[in-house]
Amino acid sequence: MEALAEKKITEQEGKYLAFILGNEIYGIEILRVREIIGLMDVTTVPQTPEYMKGVINLRGKVIPVIDLRLKFSMLEEEHTQETCVIVVEVNNTSIGIIVDSVSEVMEINSGEIEESLSFGQGIDTDYIMGMGKVEKKIIILLDIEAVLSSEELEVVTQHAVE
Amino acid sequence: MKIGMGAKVITLFLIAGLVPLTVIGVISNNSSSNALKQQAFNQLVSVRETKKKQIEDYFSTIRKQVRTLSENGMIVDAMKGFKTSFNEVRKQNDITDSKLEEYRTALKTYYTSDFTNEYKQQNNGQGPDAVGYFNQLDDDSLALQYYYIKANHNQLGEKHNLDAADEVSSYSKLHAKYHPAIRDFLEQFGYYDIFLVDPESGDIVYSVYKELDYTTSLKDGPYASSNFGEVFRDANNSNDRNYVKLVDFEPYAPSYDGAASFIASPIFDGSEKVGVLLFQMPIDKINAVMTSDSDWNNVGLGASGETYLIGHDLAMRSQSRFLIEDKEGYNSMMKGLGTDQDVLDKINAKESTILLQKVETKGTLAAVAGNTNVEIFPDYRDVPVLSAYTPVDIEDVDWVIMSEIDEEEALMAVTALRANMWKLAGGMLVLIVGIGYLVTRITGNVTTVIREIVERLTDSSTEITAASEQVSSSSQRLAEGSSEQASSLEETSSTMEEMSTMTKQNSDNAQEAAGLAQKCSDSAGQGNVAVSEMIHSIDKMNSTSMEIVDSMTDSMHDINKSSNEIAEITKVIDGIAFQTNLLALNAAVEAARAGDHGKGFAVVAEEVRNLAQRSASAAKDTAVLITNCVDKAGKGTELTNRSKETLQSLVEDVKKSTDNTNTSLQEIVGNIEKVTTLTKEISTASVEQSEGVTSVNDSVQQMDQVTQQNAATAEEVSSTSEEMTAQAQTLLELIVDLESQVGGTRKDKLQDGKVNSARQEDNKPGARKARSSSRQLASSRKNGEHIDSESLIPMGENRIIEHDDKMSDF
């Protein structure tokens, strides 16, 4: 199943894919998500940032994989059986992000979304679209594009191409 | 006061000195005077008696001499010869009348010049009746007197030296023959003259000295009326050849009217009286006897004493000393007494008091009356004399002898004694007064000194009081110290007892320990046995356990295997579930993409997802269970293994520990032995300690005794100091007394003394307290009580430290 949908959802409500990273539940817009796969062997690429784990072969396609933990400057954990790779599509590029586990697809109303807060000047909260409250749980809605900046993307993409 | 005392003292001294002095003086003076007087009297009496004897003997001797000489053959012959030749002288010499006249004239000149001059000289210028005497001479006398006096070339007074006259008669021959011998006799015996007298004619036919009476007749011659004639007649009248007659002194003309005394004795030739021998008494010799040759001093008559003879007429018959010694003084004295100048002149001229000096004194009167006595009366010089008088027993004369010495001289000793007594009295008086004065001064000084002394005494007594205070306080402190010492000894003693008890305990404990050690040893032995048994059991247990464990292990393995298989399968299921989930998610994603078209798909996807989740969860559960199972099995295995290991190690450990135990037991036994040894040592040490404690106890007891003694001594000292204080007080009072007597004003000092003594009173309770406390302690010790010394004597906090120091000295 290939899904190269170029849809920018400006509205934040919608369906999100919830995944768990560490103790938090993050959410990504479903439309951004292409695929969810289980973790498979990652081929490491030298001279890459640390959070870039390497590349995988997904049905013939080479997709760079980023460890979101490292990206978020969290400690790297050992991969379990539940560790998945979410293939997201950003700027027509597919990048896989390693997450601890995938939870579900959930529908979040706009009423349940809080605007991203500002934690001060030093902290960059661009990548947080907002906070969703579902069943007393707070889901950090990520702006996956912000998370993966374009420069990095380029690097990543280049590598992917090569 | 001072003066009064002085006067008092002097008066007292005077009285004290003079009264006895006077009494003694008077008494001694009296008795001495009496004694001395008596002595003087006695001495005088002895002198008198001696002189009396002497003179009596002398006269007696002269009597014998005259008597014996009168019987002497020579004298008899001489008498006869002279008598005969006397009458032939003129004839034989052819003396013519003219010659006679020549002789007469010549001789006359002798009478008138030689004799008269001498006479005048001896009679104070008074002339003799020389011519008268001359004219009475008969022819024979003339011739002989011419030859032997006038023609005698010898001087007047020396006429006796002529042995042979210048005449040729037989008389001359006889004279030459007999005269030297007779003269020698005269000279030897000191007679004034020796006469041979014709008994019929009375002619002095021979005399040694050729004086005016030579050849005159004593019957009818110029001198017949003298005492010479008298004594001749008496002797002549006697027919007793032994008849001797002495005649008293009378002035005799031929002797220039000097005093002359004669003694006569008839000369018998057979029965025929041929003549009379006469001596003219030796006045000089008599004087010599009476005056002891003028050596009155050495015969006990001193300087003013004399012995003289007094005749019946109260005139002297021997010389007066005073005339001999001091003629002028005698003269003036006699003149002063009113003696006739005429008499004095005569005395001076004759230089003799014989017959001239009248001594009419009480004594002489009494002596002449026949009394013998010793008296004091004024003598012929009107000087009081001590006079011893007595009649002299000289035949034919009635004389008395007077031994006299000036009363003054006789009683010189007495007077001297009295004078000395007076001097002594005077000296004593002065001395006494002087001493009295000195004493006054000294007492004055003494008073001052006494005052000073009193002051010093006061000071001293004050000091004594203070000192006794100090002593009291010192004794109190001593008592306190003793008490403290006693209390500390108590403590020591109690400590010692404790120590002793502890030592005992130690000993007992040691004993117990030994017993226990022994038990231990036994137990160890038992332990050993038990351990061995235990090893046995353990081995058994071990082997059994091993078996069980092994079987268990096998079972475990089986379970494990099964579990693992189940786990595998579960895993597969889980994987599938997961994949399914993923697929479902992907489907959801796609559905979401699809939008509305995909809603139904989304639901389906959702359901699939749910199913997947269920499976997953079931698988999970199973997995969990399996895991649990496996775990448990694993655990079980582990446990089993572990228990096996544990058991084994345990067994080993047990074995090890058994060995250890064995070793330990051995060690224990060894240690027990050591312990036993040590225990014995402890025992011994305890014994020694006990002994030590005992000895310390003894020492403590001794110290306690000493302390008690100290306490007692402190008591004594305290009481003594009290006494001392009292004494000091008494002393002070005495001093006050003395002071008042001597006269001072130092009462203020005495007040201080009283104050001090008052302070002393305050201190007394303290001393008593100390004493009582020490007594208490002593008594308590005897009772064996353990007294808390704190109760008796409050101890300060520092006491303990002090105590420790005292202890550390122990």
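The rules behind these values
Residues numbered from 1 in each chain as written. Chains lettered and ligands numbered in written order. Predicted model: local features only at pLDDT ≥ 70, side-chain atom pairs only at ≥ 80, totals over all residues. Helix = DSSP H or I, 4+ residues; strand = E, 2+ residues; numbered from the N terminus. Buried ≥ 20, exposed ≤ 12 C-beta atoms within 10 Å, placed from the backbone. Contact = placed C-beta atoms within 7 Å. Core = buried A, V, L, I, M, F, W, Y, C linked by C-beta atoms within 7 Å. pLDDT = per-residue confidence, 0-100. Nonpolar A, V, L, I, M, F, W, Y, C, P; charged D, E, K, R; others polar. Axes fitted to C-alpha atoms, helices over the stretch in contact; angles between N-to-C directions. Parallel < 35°, antiparallel > 145°, perpendicular 65-115°, else oblique. Left-handed = near helix turned anticlockwise from the far one by under 90°. Expected span 1.5 Å × (residues − 1). Pairing = 2+ DSSP bridges.

**Things to note about the overall build of chain B**
Then step 1. Helix and strand counts for chain B stand at 19 helices and nine strands.
Then step 2. Counting only residues that meet the buried cut, chain B has 37% of its 810 residues in that class.

**A short note on the overall build of chain A**
Then step 1. What chain A contains, in helices and strands, is three helices and eleven strands.
Then step 2. Considering only intrachain contacts with a sequence separation of at least 6, the fraction spanning at least 24 residues in chain A is 54%.

**Quick look at the nonpolar core**
Then step 1. If you look at the biggest cluster of nonpolar residues, it comprises 114 residues, and the most contacted ones within it are B:F262, B:I263, B:L278 and B:I310.
Then step 2. The greatest single-element share of this core, amounting to nine residues, is contributed by helix α1 (residues 2-70) of chain B.
Then step 3. When residues no more than four places from it in sequence are discounted, the contact partners of B:I263 are B:I62, B:R63, B:V66, B:V244, B:K245, B:L246, B:L278, B:F279 and B:M281.
Then step 4. In terms of nonpolar packing, the next biggest core, distinct from the first, is built from 56 residues, A:I30, A:M129, B:L585 and B:A616 among them.

**Details of the confidence of the model for chain A**
Then step 1. Counting all residues, the mean pLDDT for chain A is 77, and 77% of those residues have values of 70 or more.
Then step 2. Every residue in residues 1-10 of chain A scores below 50 in pLDDT, and together they form 14 contacts with partners more than four places removed in sequence or on other chains.

**Some words on the interface of chain A and chain B**
Then step 1. Taken residue by residue, the interface counts 15 residues in chain A and ten residues in chain B.
Then step 2. If one sorts the elements of the side of chain A that touches chain B by residue count, strand β3 (residues 33-38) of chain A sits on top with five residues.
Then step 3. Taken together, the residues of the side of chain A that touches chain B break down into eleven nonpolar, two polar and two charged.

**Remarks on the packing of helix α2 (residues 73-86) of chain B against helix α7 (residues 170-189) of chain B**
All names here are of chain B.
Then step 1. The contact between α2 and α7 brings their axes to 9 Å, and the two run at 155°. Classified by the angle their axes make, α2 and α7 are roughly antiparallel. Once α2 is placed against α7, the crossing between them reads as left-handed. Residues M74, A78, G81, F82, S85 and F86 of α2 pack against S170, Y171, L174, Y178 and A181 of α7.
Then step 2. Partitioning the contact of α2 with α7 into residue classes produces eight nonpolar, three polar and no charged.

**Quick word on unusual backbone geometry**
Residue and element names in this part refer to chain A.
Then step 1. The phi angle at K136 is positive, at roughly 65°, despite the residue not being glycine.
Then step 2. Relative to the helices and strands, K136 resides in the loop between β10 (128-134) and β11 (137-142).
Then step 3. For K136, a count of 5 C-beta atoms within 10 Å puts it in the exposed group.

**Section: the packing of helix α4 (residues 97-122) of chain B against helix α6 (residues 139-150) of chain B**
Residue and element names in this part refer to chain B.
Then step 1. In the contact formed by α4 and α6, the axes pass within 9 Å of each other and the chain directions differ by 60°. Considering the angle they form, α4 stands oblique to α6. Between α4 and α6 the crossing geometry is left-handed. Here α4 contributes L100, Y103, R104, A106, L107 and Y110 to the contact with α6, which in turn contributes D139, L142, A143, Q145, Y146, I149 and K150.
Then step 2. Class assignment for the residues of the contact of α4 with α6 results in nine nonpolar, one polar and three charged.

**Topic: α7(B)**
Residue and element names in this part refer to chain B.
Then step 1. In a regular helix each residue adds 1.5 Å, so 20 residues correspond to 28 Å; α7 covers 28 Å between its end C-alpha atoms and thus fits that length.
Then step 2. For α7, the set of buried residues is Y171, S172, L174, H175, Y178, H179, I182 and L186.
Then step 3. Just beyond α7, the residue with positive phi is G190, at close to 75°.

**A word on the pairing of β3(A)**
Residue and element names in this part refer to chain A.
Then step 1. The element β3 is extensively covered by neighbouring structure, given that five of its six residues are classed as buried.
Then step 2. Relative to strand β6 (residues 84-90), β3 is paired through five bridges, and the arrangement is antiparallel. Across the sheet, I36 pairs through a bridge with I86, a residue of β6.

**Digging into the sheet that holds strand β9 (residues 400-406) of chain B**
Residue and element names in this part refer to chain B.
Then step 1. The strand order across the open sheet built from four strands is β6-β9-β8-β7, with neighbouring strands paired in antiparallel fashion. This sheet does not close on itself; its edge strands, each paired only once, are β6 (306-310) and β7 (373-378). The mean angle between the axes of side-by-side strands here comes to 30°, regardless of whether they run parallel or antiparallel.
Then step 2. For strand β8 (residues 384-391) and β9, the ladder comprises seven bridges, and the chain directions are antiparallel. Residue pairing in the sheet places A388 in a bridge with S403 of β9.

**Structural notes on the environment of B:D621**
Then step 1. Within the secondary structure, B:D621 is located in helix α16 (residues 599-742).
Then step 2. Taking the C-alpha atoms as reference points, B:D621 and B:T570, 51 residues apart in sequence, are found 9.2 Å from one another.

**A word on the sheet that holds β10(A)**
Residues and elements named next belong to chain A.
Then step 1. Strand order in the open sheet made by the six strands is β8-β1-β2-β11-β10-β9, with mixed pairing throughout. Two strands in the sheet have a free side with no partner beyond their single neighbour: β8 (101-108) and β9 (113-115). Looking at each pair of strands side by side, their axes are set apart by 35° on average, direction ignored.
Then step 2. The sheet contact formed by strand β1 (residues 14-21) and β8 spans seven bridges and is antiparallel. Paired with Y16 across the bridge in β8 is M106.

**Let's talk about the environment of B:Y110**
All names here are of chain B.
Then step 1. Position of Y110 among the secondary structure elements: in helix α4.
Then step 2. Each C-alpha atom, one on Y110 and one on A151, is 9.9 Å from the other, the two residues being 41 residues apart in sequence.
Then step 3. What Y110 contacts, discounting residues up to four positions off in sequence, is F115, I149 and K150.

**Things to note about the pairing of strand β7 (residues 93-99) of chain A**
Residues and elements named next belong to chain A.
Then step 1. Burial runs high along β7: six of the seven residues are buried.
Then step 2. Pairing of strand β5 (residues 61-67) with β7 involves three bridges; the strand directions are parallel. Bridge pairing in β7 links I66 to I97.
Then step 3. Direction of pairing for β6 relative to β7: antiparallel, over a ladder of seven bridges. If you follow V88 over to β7, its bridge partner there is I95.
Then step 4. The antiparallel pairing of β6 with β7 creates a hairpin that spans two residues between the two strands, and N91 there sits at a positive phi of about 50°.

**Some remarks on the confidence of the model for chain B**
All names here are of chain B.
Then step 1. Predicted confidence across chain B gives a mean pLDDT of 80, with 90% of residues reaching 70 or more.
Then step 2. Below pLDDT 50 for its whole length, residues 746-800 participates in 80 contacts with residues either more than four positions away or in separate chains.
Then step 3. Overall fold confidence for the complex sits at a pTM of 0.47, while the interface term, ipTM, reaches 0.77.

**Quick look at the environment of B:G336**
All names here are of chain B.
Then step 1. Examined against the element boundaries, G336 turns out to sit in helix α11 (residues 327-336).
Then step 2. Judged by the 10 C-beta atoms lying within 10 Å of it, G336 falls in the exposed class.
Then step 3. Here the alpha-carbon distance between G336 and D382, two residues 46 residues apart in the chain, equals 9.9 Å.

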